[in-house]
Amino acid sequence: MAGACAALAAREAGADTLLVSRAPGATAMSSGAFDFASSEDDAPLAEAARRLGRRAGHPYALLGEDLIPSIDAAIDLLRRSLPGLRLEGARTAADRNLWLATPLGLSKPAALAQGPIAAGDLRSLSTREGRLGVVALAGTQVVEARLVAKGLSELLAPLAGAVVVAADLYRQRADALRTVPEIAHDLDRPGRRAELIESLGRAAAVAHATALLLPTLGLADPVGARAEMERALGLPVFEALGAPPSVPGLRLQRALSEALDKAGVRVLQGIAEGAGDGQVQIVRGVECQPVRAGAVVLASGRFLGGGIRCETDGRLRETVLDLPVRAAGRSTLAALPNEDLFAQRAGGRHAGLMAGVEADSDLRSGSAFLCGAVLGGFDPAREAGGLGVCAVTGLVAGERAARQAGRVASSAEARR
Amino acid sequence: MRDYDLLVIGGGVNGTGIARDAAMRGLKTLLVEKKDFAAGSSGANSGMIHGGIRYLMTDPQVTRLSCLDSGYIQKIAPHLLFRIPFLYPVQPSRPGQPSLKDRAFLYGADIYFEAYDRYQPLKNGKAHTRLTDEELHELEPGVVAGTMGAVTMDEYGIDPFRLCTLNARSAKAHGADVRNHTQVTRFVRDGAAVTGAELLDLRSGKADEVRARVVFNAGGPWAPRIAALAGVEVKIRPGKGVHVTLDRRLSNYGIICKAIDGRDVFVMPHEDSSIIGTTDDDFYGDPDDLFVTQDEVQYLLQAVEHTFPAVRKARVLRAWAGIRPTLYAYGPLEDALSRDHAIYDHEKDGAPGFFSIVGGKLASFRAMAEEAVDLVARRLGNSAACTTHRVPLPGGEAPAPPAETLSREHAVTAFAAARISYRHGAEAEEVLQLAEQEPELRAMACPCEGVAFAELAFSLRNEFAESLTDLRRRCRLAMGICQGARCAGPAAALMSEERLLSTQAALAEATALLDERWRGNRPVLSGEGLAQAELLQGTYFTTGALGSPRGKPWR
C-alpha cells in the first residue's frame, strides 16, 4: 500500500517512477478496509488522527501541519486510483469512520472500505429494523457464522438482529474443506453466481433475513456480483471483511497493480538492495541491475513485508539499505524477558512489533524517503491506523521524493 | 457430601495413573486437578517413554523400571507411541585430531550402550550399533563433519497430554469421578486423620466437600503445597527443564549433542516438529509462574548447532518450561539427582489417611501408580490385582485404522486422517463419524495440525475439555507453525456452540488460547517468528478487533 501510494503520488507529481516489488506483502493479507485513525468516542478522522499524531514516534507526528491535508489527499488518491473497488466511506478527514463487522462478530472502524464491504456499515444497519443474515457457504464458515451472528445481534440491537443463513450451494462432503479464497475463485466461474443466488434465495427465505452478509462475493467482480444478487434477491447484500488469506486483500493488491500500470509506473519484480554508491540495485535471479534514481522511497514493510528483519542474535536490520532500526529505542530484541518490547499477553502493546527506521520530519533517513510499516512507531492492532497510515505516508513520501528527483534532474540539466 | 474410597489430587501422569488403577480395582475414586490433565510437569517434559539410559550407572533400578513399563505402555496405547532411533555422534575435542581420551570415550560409550542393550527387549527396542563417521552421515547428512562415528539406541516418543487424558477417561469408564479445574482448598479432618477435602470448582466458583478414606497427593511440583495444607512436609528439589520447539522435523532421528558445559542435550522429531531439550536447573520460584529466558533458549540452540549446524535454519516456534519434582537431596548437581520416586504414608507425620508420591519419570508412571495403589488397596482391604498393564487405554483396543482408509471414507485430507488416527487410535472412526452426522464438523479447525472440528467436538463431549487450552492439550490445537493464528477464532466459535457460551465468553476463550501460545513465543521471537506474530496480530487484533472496547462506539 505504502509503495503503491508513493509511486502513484510521485507519478502524479510528474516523476518517472519505477516500483521494485519483491512479492505481495501485508497489503495482500489486509481485510479490505482502510483504517486511518479512530477513537473510542467515535471522533471524526481528523481529530482521531491528531490524537495519534501526539504520540511520540508515530508517523503522523512527523507530518505536523501536513497531517490532515495529507489524509484528505490520500483518501482522494485511493478513491481516484482504485475505481474498480468502488471505495465508500469518508470523503475527507472531517468525516467519521464506518463500523464494519469483523470475522469474530465484533466491530472495526475504517475510514474507507471496498464498496460491498462498506455497505454493511453497522452504524447504518443498527438504525433500522431488520434481520441480517450471516451467510455460511462451506468450510469453517458454517461454524463461525453462528458466532458472528451472535455478536452482530448484540451490536445491532434493539432494532435489528442477525441470524445464520446456511446456503446449500456446496453440498459435497469434500466441500467442507474449501477455504474462502477457494470459494471466491469458484464463484468467479461462469454460472456459479446464478446458482449461488438460487441457493441464497431459498436459505434467506427460511431464515427470514432482510439483508445478507456473505463471506465473499468472488475475487474478480464483487461490485457486479453484489448488484446482480441484490436485483435477483430483492435484498441488500454485503461482503464481509477478510482475514488472511483475505480475498479483499488479494483484490486490493490486484487493483493497486492495475492502478500503477494505468498511471504509467514501471513495476519490476525483484529484490532491491543497496549499492555501494548510495543508490540501489535490483537483484533478479542471478542478474543484478543498478538503478540511477533522483530519489529513493523505501516502502518495504516491517517483518511481514520483509523490510525489517530480526537476526537470530536479536539484531534488528533494515533489509534494503541497512538503515538503523529501533524498537523502543533499542537496536536488538535480545535478552528477554523484556516487557518493554513484548507485553505478557498477546493482546498487549508490543513495542517490538512496532520496530522501524526512525525518520526525520521530511520522512527521510539518510538519502531515502520512508513510508509505511518500515517507519515503525505505529500499532495497527491497537490504534486502528494501519493501511491508512501506509497510504498517507506513502503519498507524502512519494510527493517529496518527486520534488527531490525534480531538483536533481534540474541541477543535472543545469550542469550540462 | 459424597463418599469415596480414594481421593487423588493432581491430574498429571501419576495422578491419572493412580486414579485409573484404583478405579479398575473397584475402589470408589475421585480425581481432582486444579488446572487440566497434564497442564503441569506431565505436559512439559520431552514427550518420551524412554528407558533412562542416563541413570544406568547411578539408578539402574530406574532404568529397569522405565524399560519394563515402556513395554507395557506400548501394549496398552500402541497408537500413541512412536519409535525414535537415536544417534549419539562422538566429536573429537579438537576437530580432525582425535586424542587418546576421545577414543577412550567412544569405546566407553560403546560399552555403556551395550549394557543398556540388556534392557531393550523389555521395551521392544533394538540393540545399539556402532557407526563409522561415513555410516553416520549416510543416515543423517546434517550431522557436522569429522566425527569419530556414533552409537545408536532405540527410544519411544509419546503425546503426554493424551496419555494423561486417556488415563482419566479410563478411570471414569471404570467408575471414577473425574474433575479438572477443581482445587483442593482445605482438608477435612477427623481428629488427626485426613478424611476428605473441600473442593472449589474454579470455573463455576462453587465449593463442595467430599469424604474419602484415603487421600493421595500426586501434585508433582505442587505436592509440597498440598502436603502443607494437610500440615505435613514433603520435600522435593524442584528442577526447571526448558525445551524448545522447532517448526519442522530436522531429522527422522533423535540426535544427542553436547552442550557448552558438557551436558547431553537432544534434538528429536516429535509429530511434525522437532523438540530440543533440556536444561536442568534448581528452581526456587512459583511453579504457577514459569517463564523461559532467552539465555536458556540460546544454550539449547548452541548445543544442537555444535553437532547439527542446520538447526539455525529452522524457525523456533516456542520455548516452554516445566518443573521436575525430583527427590530432595542436598549436594549433588541437578543432573546427578536421582530420578527415582518415593511414596510417603503420612501417618507417621501425624496425618493418617494421607499419602504423597514424588519423583519418578513419565516412562514408569504406570508402575509407580501400581505401587501406590497396592499400598492404598492394602490399607482399604482391597485385594484386587492390578490390570493396568493389560487393559488397553481408550483407542488402544485395536489397531488404528489406516489413514488412507479414513481419508477416503470420511473425505478429510490424508494429513488430517493420519493425525487423527495417531491421536485416537481405534476411536478415530468414532471421531470422524461425528462429521457424517454433522457435516460442518468435517471442516478443518486447525489446518496446521490436521484438527477437524469433529475432533474438537469429540474432545469437548468425551474428554473433560472445558476450554480451548484444554483442547490444545488433547488435539494439538494451535500447536503448529501458526501458533493459533488460523484456529483460535474458528475453535472459539465451536466452543461457543458446544458449551452455549456468550460471544464475550467465547472470545475470552480465544484470547486465553492466544495468550497461552504467546507466552511460549515471546522468548524466541526473531526471524520469521516476528512475521508470524505480526500476521497473528493483524488477524485477531486489527481485522478481528479482538480486545477492542465492546459495545457500539458509534453512539
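Residues numbered from 1 in each chain as written. Chains lettered and ligands numbered in written order. Predicted model: local features only at pLDDT ≥ 70, side-chain atom pairs only at ≥ 80, totals over all residues.

A.B. asks: What should I look at first to understand the overall build of chain B in this one?
C.D. replies: On a plain count of helices and strands, chain B comes out with 16 helices and 19 strands. For chain B, whose C-alpha radius of gyration is 24 Å, the value lies close to the compact-globule estimate of 24 Å for 555 residues. Its C-alpha atoms put chain B at 70 × 65 × 45 Å along the principal axes. Out of the 555 residues in chain B, the part that is buried amounts to 60%. Long-range contacts, defined here as pairs at least 24 residues apart, represent 70% of the contacts in chain B between residues at least 6 apart. (Helix = DSSP H or I, 4+ residues; strand = E, 2+ residues; numbered from the N terminus. Rg over C-alpha atoms; globule rule 2.2 N^0.38 Å. Buried ≥ 20, exposed ≤ 12 C-beta atoms within 10 Å, placed from the backbone. Contact = placed C-beta atoms within 7 Å.)

A.B. asks: How should the pairing of strand β12 (residues 271-274) of chain A be read in this particular structure?
C.D. replies: As a general feature of sheets, a regular strand has side chains that alternate between the two faces. Residues and elements named next belong to chain A. In this sheet, strand β13 (residues 280-284) lies alongside β12 in antiparallel orientation, the contact comprising four bridges. Bridging across to β13, glutamate 273 finds its partner in glutamine 281. In this structure, the hairpin formed by β12 and β13 is closed by a connection of five residues, where glycine 278 is found at a positive phi of approximately 85°. (Pairing = 2+ DSSP bridges.)

A.B. asks: Whenever I open this one, the environment of A:Gln281 confuses me. Can you help?
C.D. replies: Residue and element names in this part refer to chain A. Within the secondary structure, glutamine 281 is located in strand β13. Remark: the alpha-carbon pair of glutamine 281 and arginine 292, spanning 11 residues in sequence, is separated by 8.6 Å. Among all residues touching glutamine 281, those that are not within four sequence positions of it are Glu273, Ala275, Cys288, Gln289, Pro290 and Val291.

A.B. asks: Mind showing me how you'd approach the packing of helix α1 (residues 2-12) of chain A against helix α11 (residues 247-263) of chain A here?
C.D. replies: Two quantities define a packed helix pair, namely the angle between the axes and the distance from one axis to the other. Residues and elements named next belong to chain A. Taken N-terminus to C-terminus, the directions of α1 and α11 make an angle of 20°; their axes are 10 Å apart at the nearest point. Considering their axes alone, α1 and α11 lie roughly parallel with respect to each other. For α1 against α11, the interelement crossing comes out left-handed. Residue-level inspection shows Ala4, Ala7, Leu8 and Arg11 of α1 in contact with α11, the latter providing Leu256, Ala259, Leu260 and Ala263. Of the residues belonging to the contact of α1 with α11, the class tally is seven nonpolar, no polar and one charged. (Axes fitted to C-alpha atoms, helices over the stretch in contact; angles between N-to-C directions. Parallel < 35°, antiparallel > 145°, perpendicular 65-115°, else oblique. Left-handed = near helix turned anticlockwise from the far one by under 90°. Nonpolar A, V, L, I, M, F, W, Y, C, P; charged D, E, K, R; others polar.)

A.B. asks: How should I be thinking about the domain arrangement of chain A in this particular structure?
C.D. replies: Accessible area lost upon the coming together of the parts is a frequently used measure of interface size. Splitting chain A by domain gives domain 1 (2-90 + 249-415) and domain 2 (120-235). Inter-centroid distance (C-alpha atoms) of domain 1 of chain A to domain 2 of chain A is 34 Å. (Domains from an automatic or database assignment.)

A.B. asks: Help me understand the nonpolar core, please; the structure alone is not making it clear to me.
C.D. replies: A general tendency of soluble globular proteins is for nonpolar side chains to be buried together. By size, the foremost hydrophobic cluster in this structure holds 333 residues, and its most contacted members are B:Phe216, B:Ala452 and B:Leu477. Sort the elements by how many residues they give to this core and helix α13 (residues 387-415) of chain A lands first, with 11 residues. Dropping the residues within four chain positions of it, B:Phe216 is found in contact with B:Leu6, B:Leu7, B:Val8, B:Ile9, B:Ile18, B:Phe355, B:Ala372 and B:Val376. (Core = buried A, V, L, I, M, F, W, Y, C linked by C-beta atoms within 7 Å.)

A.B. asks: Where do I start with the sheet that holds β13(A) in this structure?
C.D. replies: What links the strands of a sheet is backbone hydrogen bonding, and the strands pair in either a parallel or an antiparallel sense. Residue and element names in this part refer to chain A. Spatial strand order, β12-β13-β14: three strands in an open sheet with antiparallel pairing. The outermost strands of the open sheet, each flanked by one partner alone, are β12 and β14 (287-291). Neighbour to neighbour, the strand axes of the sheet diverge by 30° on average, direction disregarded.

A.B. asks: How do you make sense of the sheet that holds strand β10 (residues 237-239) of chain A when you look at a structure like this?
C.D. replies: Residues and elements named next belong to chain A. What the four strands build is an open sheet, ordered β8-β7-β9-β10; its pairing is parallel. Either end of the sheet is taken by a strand with one partner, and the two such strands are β8 (160-166) and β10. Put simply, the sheet's adjacent strands are angled 25° from each other on average, direction ignored. Note that strand β7 (residues 130-136) and β8 share seven bridges and pair parallel.

A.B. asks: What exactly am I supposed to notice about the interface of chain A and chain B here?
C.D. replies: Contacts between chain A and chain B engage 55 residues on the former and 52 residues on the latter. Of all the secondary-structure elements, those providing two or more residues to the side of chain A that touches chain B are β5 (107-110), α7 (141-156) and α12 (380-383) of chain A. Take the side of chain A that touches chain B: its biggest share by element is nine residues, from α7(A). Partitioned by chemical class, the residues of the side of chain A that touches chain B number 29 nonpolar, 13 polar and 13 charged.

A.B. asks: Is there a simple way to explain the domain arrangement of chain B in this structure?
C.D. replies: All names here are of chain B. Taken domain by domain, chain B consists of domain 1 (2-42 + 161-234 + 339-380), domain 2 (81-156 + 237-336) and domain 3 (403-543). Taking only C-alpha atoms, the centre of domain 1 and the centre of domain 3 are 30 Å apart. Each partner contributes residues to the interface: domain 1 has 12 residues there, and domain 3 has seven residues. In terms of residues, the side of domain 1 that touches domain 3 owes the most to one element, helix α5 (residues 160-173), which gives five residues. Among the residues forming the side of domain 1 that touches domain 3, the class breakdown is five nonpolar, three polar and four charged.

A.B. asks: Please explain helix α8 (residues 365-380) of chain B as it appears in this structure.
C.D. replies: Each α-helix winds once per 3.6 residues, and so residues spaced three or four apart point in a common direction. Residues and elements named next belong to chain B. Taking 1.5 Å per residue as the helical rise, α8 with its 16 residues ought to reach 22 Å, and the 22 Å between its terminal C-alpha atoms agrees with that figure. Phe365, Arg366, Ala367, Met368, Ala369, Glu370, Ala372, Val373, Val376 and Ala377 are the residues of α8 that are buried. Two residues or fewer past α8, glycine 381 is found with a positive phi of approximately 75°. (Expected span 1.5 Å × (residues − 1).)

A.B. asks: Got a minute to help me understand helix α14 (residues 488-499) of chain B in this structure?
C.D. replies: Under the 1.5 Å per step criterion, the end-to-end length of α14(B) is 16 Å for 12 residues, consistent within 8% with the ideal 16 Å. For α14(B), a buried count of nine out of 12 residues is recorded, marking the element as mostly surrounded by other parts of the structure. Elements that come into contact with the buried residues of α14(B) comprise α7 of chain A together with β18 (444-446), α12 (453-462), α13 (468-475), α15 (503-521) and α16 (527-543) of chain B.

A.B. asks: Could you clarify how one ought to interpret unusual backbone geometry in this entry?
C.D. replies: Working note: non-glycine residues mostly have negative phi, and peptide bonds are mostly trans. Look at the link from A:Pro244 to A:Pro245: it is a cis peptide, with omega at -5°. Tracing the backbone shows A:Pro245 in the loop between β10 and α11. Cis geometry marks the peptide bond from B:Gly277 to B:Thr278; its omega dihedral reads -10°. Relative to the helices and strands, B:Thr278 is located in the loop between β13 (273-277) and β14 (281-282). Phi at A:Asp322 takes a positive value of approximately 60°, unusual for a residue other than glycine. Position of A:Asp322 among the secondary structure elements: in the loop between β17 (316-318) and β18 (325-326). With a phi close to 50°, B:Glu271 is a non-glycine residue in the positive phi region. Among the structural elements, B:Glu271 can be located in the loop between β12 (264-270) and β13.

A.B. asks: Looking at this structure, how should I read the pairing of strand β5 (residues 150-158) of chain B?
C.D. replies: Residue and element names in this part refer to chain B. Burial analysis of β5 places nine of its nine residues in the buried class, which makes it a mostly covered element. Every second residue of β5 is oriented toward a common face, with Ala150, Thr152, Asp154, Tyr156 and Ile158 on one face and Val151, Met153, Glu155 and Gly157 on the other, all of them buried. Sheet topology note: the strand β4 (residues 130-131)/β5 ladder contains two bridges and is antiparallel. In the sheet register, arginine 130 faces β5, and the bridge partner there is valine 151.

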